[in-house]
Amino acid sequence: MALLPEQFSQLESLAETWALPTELQRSERRWAAGPDDFRRFYDAMLPVLDQVLDYLDRYEPDNVPEPALPLYRLALAFAEAAPHNELYDCSNTVPNSFDAHRFVAAHGEIRDR
Amino acid sequence: MALLPEQFSQLESLAETWALPTELQRSERRWAAGPDDFRRFYDAMLPVLDQVLDYLDRYEPDNVPEPALPLYRLALAFAEAAPHNELYDCSNTVPNSFDAHRFVAAHGEIRDR
Amino acid sequence: MAAAADQIKQAMPFTTRYPELGTGPLDVRPLIDPELFELERERIFKQSWLYVARAEELAEPGDYKLRRLDVANTSVIIVRDRNGEVHAFHNICTHRGNKLIPDQEAQSLGHTATHTLTCRFHAWTFNTDGALRGIARQESFADLDKSCLGLKRIHCAEWEGFIFINLAEQPRQSLVEYLDGMADHFAGYPYHEATVRLRYSTVLNCNWKVALYAFSEAYHVPTIHKGTFPSLARLEHTEIKCFGPHSTSGIYVPPVPGLEPTPVTANLGGRLRTSDRHRPHLELLPENINPDNRQDFQFEFPVFFPNFLLHLGAGNGYPGMAYFTHQFWPVAVDKTLWEGTNHFRPPETVSERVAIAHTNALHRNAWLEDTSTMEDTYQALASGVLEEMVLMDEELMIRNTHKHWHDYMGI
Amino acid sequence: MAAAADQIKQAMPFTTRYPELGTGPLDVRPLIDPELFELERERIFKQSWLYVARAEELAEPGDYKLRRLDVANTSVIIVRDRNGEVHAFHNICTHRGNKLIPDQEAQSLGHTATHTLTCRFHAWTFNTDGALRGIARQESFADLDKSCLGLKRIHCAEWEGFIFINLAEQPRQSLVEYLDGMADHFAGYPYHEATVRLRYSTVLNCNWKVALYAFSEAYHVPTIHKGTFPSLARLEHTEIKCFGPHSTSGIYVPPVPGLEPTPVTANLGGRLRTSDRHRPHLELLPENINPDNRQDFQFEFPVFFPNFLLHLGAGNGYPGMAYFTHQFWPVAVDKTLWEGTNHFRPPETVSERVAIAHTNALHRNAWLEDTSTMEDTYQALASGVLEEMVLMDEELMIRNTHKHWHDYMGI
């Protein structure tokens, strides 16, 4: 069964691995990503970013309905993944940085819905 | 090959995961159990508890023969698991308690046979 | 001599404005000495006003916050009673001393619908104003003056919605006296509207002042943050002022011709910059912050002694971010709980929510760059090889903190 | 004044029976002060009789037990020699001081078929009565008086099969004098028949007295044990008596109408209650325990100074359990090795074995509830916020221990 609305079907395979419900899970996906993962995600999302956000903007941020959640979570994952393309040369770490696993997000395990 | 005597074949799948040879291993199984695990174990065992114990009582406690060991260990696991149903709402921890992993049983790694 | 003084004045315009702080190097020992760390518990952290909660975290009567304070070997309950008043108490039952509420987390929020707090050990119950309300089997205690067995109160005061505590028996100053010129300087911004808090924390293996000092200057920015914020290669760190043990300053970033934001940041940041709610609100800044109303204002950059930073950007620095805070909680001479929090106004649309996640992630990543030096710095300093460290003019806030640290410590 | 005294007498019938213990609050410092902890090693643990083994653990000649005693920076060998006599020795070779037997475990059992103990370092060999028997390459030592090089003896005595040691050069009292009225009070029960020992231990990050005191009163039971033993919501903690530094009491649980045991506990516990071997044996209790022969007797609940609890239920409290013991072994001011042991008569059938596992598990779970407060209590007390703690009447055993602690410490 498709995760995303039909007009975003080209993002379906990305949603399968990136559309995770918590920031911590999305971060773990990001830390495990390779350069090609970032490139594939970025190249597919950037052209449709406005459409994706317009689609989601029909809902309230605290009240996104179940069927739209994967797209919402995909957008959140992209908001965090894009800097790896735009700034970090598709590396899964921030260059010359502290161990990202040691940063604990207070909200990290709260589900985005 | 069946682990249990034929008259207890309905417990076979439980024996596969609960009939472990030491208290420590059975505790680890218990700490990893979910509410449904406890419910399934309890609902299957309680009606036949007397039959199981009667069957085992044909042996000496220090001399349970090899073929009866899985049933014996299943009964020991149940003796420890049942309070989670009867008292702890099928949680795998005792409510408001110390970390069970930090309690060391002096006999925890001795095999029950 | 006059020529030398002139030369220093030219090289160190801010520093020379505060002659009592000197211009020489700072001693390293306070950052590494375990005995001084023990003294810091008593002389700094049990004497200063410490920021522990935002008023909105305790919005309703019955709301409480638990804050572990390892440096004082205690934890604190900050609670709003049924009349709306906020109190702070040691998290300790007055019967046999158990923690009233378990405090596995360094900070956590809770709510008591009954406006009472009950100890898990023997079920003693306290009102949220601290009074001992109920004792199980009270008849078996003799001579019990319940009025003396209330929760142990801690001084507590609120300024601009920031709730501070003071562990001293009798604080030497009120909170506002303590805050000195900072109280006015930062007053009036609608901090309470920024209710979306995204907090990160980690335990750094370094002294708390190594972390604090690293976050007290912008000299490092072009080097450390060239990954995440290449636009900060040239910034202006200016308007540095000291108010007693506290200090503040402004960060401006003149635009770099030809440097465009990257596409996703342009898109998402742009959405915040053009939303009425999240756009730059320079007009809301207190009047002495960004006094010339410069459009390239990034954020006001202060140090509240001893361990609180309140960076006020009003949406003009990082897209959409109202303000961000840091705290540095000592755990041991070589261990510090750092907490960094980004404060946003709540998103009204999903796209704003996604854009906030983007700004937040960039800033979190910048913090990963900041924290990358601290354990190295501490290890190197702890070697004892370096007895002193030299400071440039814009590292003045470190100089001010260090000076007042000595005053508090009496050494 | 007389009215106040009357009021105390009514509120605290047990406490007022021991006027020398007072009725006021207790000082907290003994529970948290590192310097007092160092003194405790000398003045309490090297002066008191300490329970270290059951006689059945050393049933045969050649059986030995190794007991680590961190509080005295030593470990002890308790061994039965070929004539059946029990000795205690420091676990240290008199040659160069190596541990004769490695002691990774806090306690362990062993057997020497040759009735000798040989050091792993240079193979010096000692008889189980402590005499130095053999020295490898003895001819290469000059001037060696073997009779002066036996194992270092520790005073050791047995009471009702409980083996105690005393580390003092010359104990001030014999074991029976030391035990005072406890020696008679607990005498005569067939402890030796309960040879199935199920022991749990953990290192608690708290002072040993925080753990001891938590296990010295039943006031906490309705709160802490509502999960595992909802039947204990109402219990009677009575017959509290002090014998020198020791104290004892009785726990009764009047049946709660309508509260039935849960199905599995009814089944398994019922099997023990109806087996002749495991059923309640109130008739075996010493005469001053459960003196009115009440059927709702749960267990006798004592504190043997300084660190031993011997709870005697005779199968009437927890189904099938003869007795259970606790010990609290100091490791540091903030670290305590706790050991809890359930003692059962051996099962004769598999179903009895399964039922014992069930009783044991329930009681182990109750201990998980007990130990949940101790680290919190210690952390809260260590803050120094609370200088005193108040006690209710039935916390009298704590009061007695605390008073005698001061006497031993000379402070």
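All values derive from a computational prediction rather than experimental measurement.

A. Quick peek at the interface of chain B and chain D. Taken together, the contact pairs 39 residues of chain B with 39 residues of chain D. Together chain B and chain D conceal approximately 3,100 Å² of surface at their shared face, both sides included; 60% is due to carbon and sulfur atoms. The interface formed by chain B and chain D includes five salt bridges. The salt bridge involving glutamate 375 of chain D is made with arginine 102 of chain B; its shortest N-O contact spans 2.6 Å. Taken together, the connections running from chain B to chain D amount to 21 residue pairs in polar contact (both at pLDDT 80 or more). Looking at the side of chain B that touches chain D, the elements that each hand over two or more residues are helix H2 (23–31), helix H4 (49–56), helix H5 (69–86) and strand S1 (104–105) of chain B. Among the elements that take part in the side of chain B that touches chain D, H5 of chain B stands out by supplying nine residues, more than any other.

B. Up close: the side chain of arginine 26 of chain A. Residue and element names in this part refer to chain A. The residue arginine 26 is located in helix H2 (residues 23–32) in this model. Under the relative-accessibility criterion, arginine 26 is labelled buried at 5%. What arginine 26 contacts, discounting residues up to four positions off in sequence, is Trp18, Leu20, Pro21, Arg73, Leu76, Ala77 and Asp112.

C. Representation of the sheet that holds strand S4 (residues 74–80) of chain D within the structure. Residues and elements named next belong to chain D. Read from one edge to the other, the open sheet built from seven strands follows the order S2-S11-S10-S5-S4-S3-S6, with strand pairing classed as antiparallel. One side of each edge strand has no neighbouring strand; the edge strands of this open sheet are strand S2 (49–54) and strand S6 (107–111). Taking each pair of neighbouring strands and ignoring which way they run, the sheet shows an average axis angle of 30 degrees. Strand direction decides the pairing type here: strand S3 (residues 63–69) and S6, joined by five bridges, are antiparallel. Within the sheet, the bridge partner assigned to leucine 66 lies in S6 and is serine 108.

D. Layout of the domain arrangement of chain C. Residue and element names in this part refer to chain C. The domain boundaries assigned to chain C delineate domain 1 (49–171) and domain 2 (189–409). Placing the centre of domain 1 and that of domain 2 at their C-alpha centroids yields a distance of 32 Å. Domain 1 puts 17 residues into the contact, and the matching count from domain 2 is 19 residues. Counting the surface lost from both domain 1 and domain 2, the interface buries some 1,500 Å², and carbon and sulfur atoms represent 62% of this.

E. Highlighting the sheet that holds strand S7 (residues 116–118) of chain D. All names here are of chain D. Read from one edge to the other, the open sheet built from three strands follows the order S7-S8-S9, with strand pairing classed as antiparallel. Either end of the sheet is taken by a strand with one partner, and the two such strands are S7 and strand S9 (132–134). Here the strands of the sheet are splayed against their neighbours by 35 degrees on average, with no regard to which way each runs. Judged from the three bridges that link them, S7 and strand S8 (residues 125–127) form a sheet pairing that is antiparallel. Bridging from a neighbouring strand, threonine 118 pairs with threonine 125 of S8.

F. Quick look at the pattern of salt bridges. All names here are of chain D. Tallied over the full model, the rule gives 56 salt bridges over all chains. Here lysine 209 and glutamate 40 are joined by a salt bridge, their closest N and O atoms 2.5 Å apart. Here lysine 209 is found in helix H6 (residues 208–214), whereas its partner glutamate 40 is found in helix H3 (residues 34–45), with 169 residues between them in sequence. The residues lysine 209 and glutamate 40 share a single accessibility class, namely buried.

G. Focus on the nonpolar core. With 178 residues, the main nonpolar core has Leu74 of chain B, Trp124 of chain C together with Trp159 of chain D as its most contacted residues. The element contributing the most residues to this core is H5 of chain B, with eleven residues. Once residues lying within four places of it in the same chain are set aside, the contact partners of leucine 74 of chain B are Leu4, Leu11, Leu14, Ala15, Trp18, Ala19, Phe41 and Met45 of chain B. Core analysis: the second largest hydrophobic core is formed by 150 residues, Phe45, Tyr51, Cys242 and Leu282 of chain C among them.

H. Region of the structure containing the interface of chain C and chain D. Contact with chain C, which involves 32 residues of that partner, is made by 30 residues of chain D. Carbon and sulfur atoms supply 57% of the area buried between chain C and chain D, which totals about 2,600 Å² over both sides. When the buried area of chain C at its contact with chain D is split by residue, Arg96, Arg120 and Phe121 of chain C rank highest and sum to 26% of it. Taken together, the connections running from chain C to chain D amount to four salt bridges. Among the salt bridges present, the one from lysine 99 of chain C reaches aspartate 376 of chain D, with a minimum N-O distance of 4.0 Å. Counting the contacts that link chain C with chain D gives 14 residue pairs in polar contact (both at pLDDT 80 or more). When grouped by side-chain class, the residues that make up the side of chain C that touches chain D number 14 nonpolar, ten polar and eight charged.

I. Structural view of the state of the cysteines. Evaluation of the coordinates by the stated rule reveals zero disulfides over all chains. The thiol of cysteine 119 of chain D is not disulfide-bonded; the next cysteine sulfur, from cysteine 93 of chain D, is found 3.9 Å away.

J. Representation of the environment of leucine 282 of chain C. Looking at the element boundaries, leucine 282 of chain C is found in the loop between helix H8 (263–273) and strand S15 (297–300). Each C-alpha atom, one on leucine 282 of chain C and one on arginine 294 of chain C, is 8.8 Å from the other, the two residues being twelve residues apart in sequence.

K. Examining the side chain of arginine 120 of chain C more closely. Take arginine 120 of chain C: it is sitting in the loop between strand S7 (116–118) and strand S8 (125–127). For the buried arginine 120 of chain C, no salt bridge is present, and the opposite-charge side chain at shortest range is aspartate 376 of chain D, 4.4 Å distant. One polar contact links the side chain of arginine 120 of chain C to the main-chain carbonyl oxygen of asparagine 96 of chain B, over a distance of 3.1 Å. Polar contacts involving the side chain of arginine 120 of chain C include one to the side chain of serine 372 of chain D, which spans 2.9 Å. When neighbours within four sequence positions are excluded, arginine 120 of chain C is seen to be in contact with Asn96 of chain B, Leu100 and Pro102 of chain C together with Thr223, Ile224, Ser372, Thr373 and Asp376 of chain D.

L. Expanded view of a negative patch on the surface. A contiguous patch of negative charge on the surface is contributed by Glu169 of chain C together with Asp27, Glu387 and Glu388 of chain D. Aspartate 27 of chain D sits in the partly exposed class, given a relative accessible area of 30%.

M. The arrangement of the environment of proline 306 of chain D in detail. Following the sequence through the fold, proline 306 of chain D ends up in the loop between strand S15 (297–300) and strand S16 (308–312). Not counting residues within four places of it along the chain, the set of residues in contact with proline 306 of chain D comprises Ile44, Phe45, Ser48, Trp49, Leu50, Tyr178, Trp208 and Leu212 of chain D.

N. Expanded view of the packing of aromatic side chains. Per the counting criterion, the structure on display carries 71 aromatic pairs over all chains. The interplanar angle of 35 degrees and the centroid separation of 6.5 Å between the aromatic rings of phenylalanine 103 of chain B and tyrosine 200 of chain D together place this pair among those described as tilted. Taken together, the residues phenylalanine 103 of chain B in the loop between H5 and S1 and tyrosine 200 of chain D in strand S12 (residues 196–204) connect one chain to another. Pair check on accessibility: phenylalanine 103 of chain B and tyrosine 200 of chain D agree, each one buried. Connected via pairs of aromatic rings, a cluster forms that spans Phe98 and Phe103 of chain A together with Tyr200, Phe215, Phe229, Phe299, Phe301, Tyr318, Phe324, Phe328, Trp338 and Trp367 of chain C.

O. The arrangement of helix H3 (residues 35–45) of chain B in detail. Within the sequence span of H3 of chain B, burial applies to Phe38, Phe41, Tyr42 and Met45 of chain B. All buried residues of H3 of chain B lie within an arc of 95 degrees about the axis, which places them on one face of the element. Exposed residues on H3 of chain B whose side chains face more than 90 degrees from its buried face are Arg40 and Asp43 of chain B. Each element contacted by the buried residues of H3 of chain B is listed here: helix H1 (12–18), H2, H4 and H5 of chain B together with helix H8 (263–273) of chain D.

P. A look at the arrangement of the chains. Between chain A and chain B there is no contact, and the shortest C-alpha to C-alpha separation is 20 Å. In this assembly chain A lies apart from chain D, the nearest approach of their C-alpha atoms being 23 Å.

Q. Quick peek at helix H10 (residues 374–382) of chain D. All names here are of chain D. With respect to burial, H10 is a largely interior element, seven of its nine residues being buried. Every buried residue of H10 is listed here: Met374, Glu375, Asp376, Thr377, Tyr378, Ala380 and Leu381. Packed against the buried residues of H10 are S12, H6 and helix H9 (350–370). Looking at the residues trailing H10, positive phi occurs at glycine 384, about 80 degrees.

R. Region of the structure containing unusual backbone geometry. Residues and elements named next belong to chain C. Proline 306 follows phenylalanine 305 through a cis peptide bond whose omega is 0 degrees. Positive phi outside glycine occurs at glutamate 239, with the angle close to 50 degrees. Mapping glutamate 239 onto the fold places it in strand S13 (residues 236–243).

Rules used in this analysis
- Residues numbered from 1 in each chain as written.
- Chains lettered and ligands numbered in written order.
- Predicted model: local features only at pLDDT ≥ 70, side-chain atom pairs only at ≥ 80, totals over all residues.
- Heavy atoms only, no water.
- Contact = heavy atoms within 4.5 Å.
- Buried area = accessible area lost by both parts, 1.4 Å probe.
- Salt bridge = Lys/Arg side-chain N within 4 Å of Asp/Glu carboxyl O.
- Polar contact = N/O pair within 3.5 Å; in protein donor to acceptor, adjacent residues only side chain to side chain.
- Helix = DSSP H or I, 4+ residues; strand = E, 2+ residues; numbered from the N terminus.
- Buried < 20%, exposed > 50% of the residue type's maximum accessible area, 1.4 Å probe, protein only.
- Pairing = 2+ DSSP bridges.
- Axes fitted to C-alpha atoms, helices over the stretch in contact; angles between N-to-C directions.
- Domains from an automatic or database assignment.
- Core = buried A, V, L, I, M, F, W, Y, C linked by side-chain atoms within 4.5 Å.
- Nonpolar A, V, L, I, M, F, W, Y, C, P; charged D, E, K, R; others polar.
- Disulfide = S-S within 2.5 Å.
- Lys, Arg positive; Asp, Glu negative; His and termini not counted.
- Patch = residues over 30% accessible without salt bridge, like charges linked within 9 Å, V, L, I, M, F, W, Y side chains within 5 Å.
- Areas by Shrake-Rupley, 256 points an atom, 1.4 Å probe, with all protein chains shown as cover.
- Charge placed at Lys NZ, Arg CZ, Asp CG, Glu CD.
- Phe/Tyr/Trp six-rings, centres within 6.5 Å; stacked < 30°, edge-to-face > 60°.
- Arc of directions from axis to C-beta.

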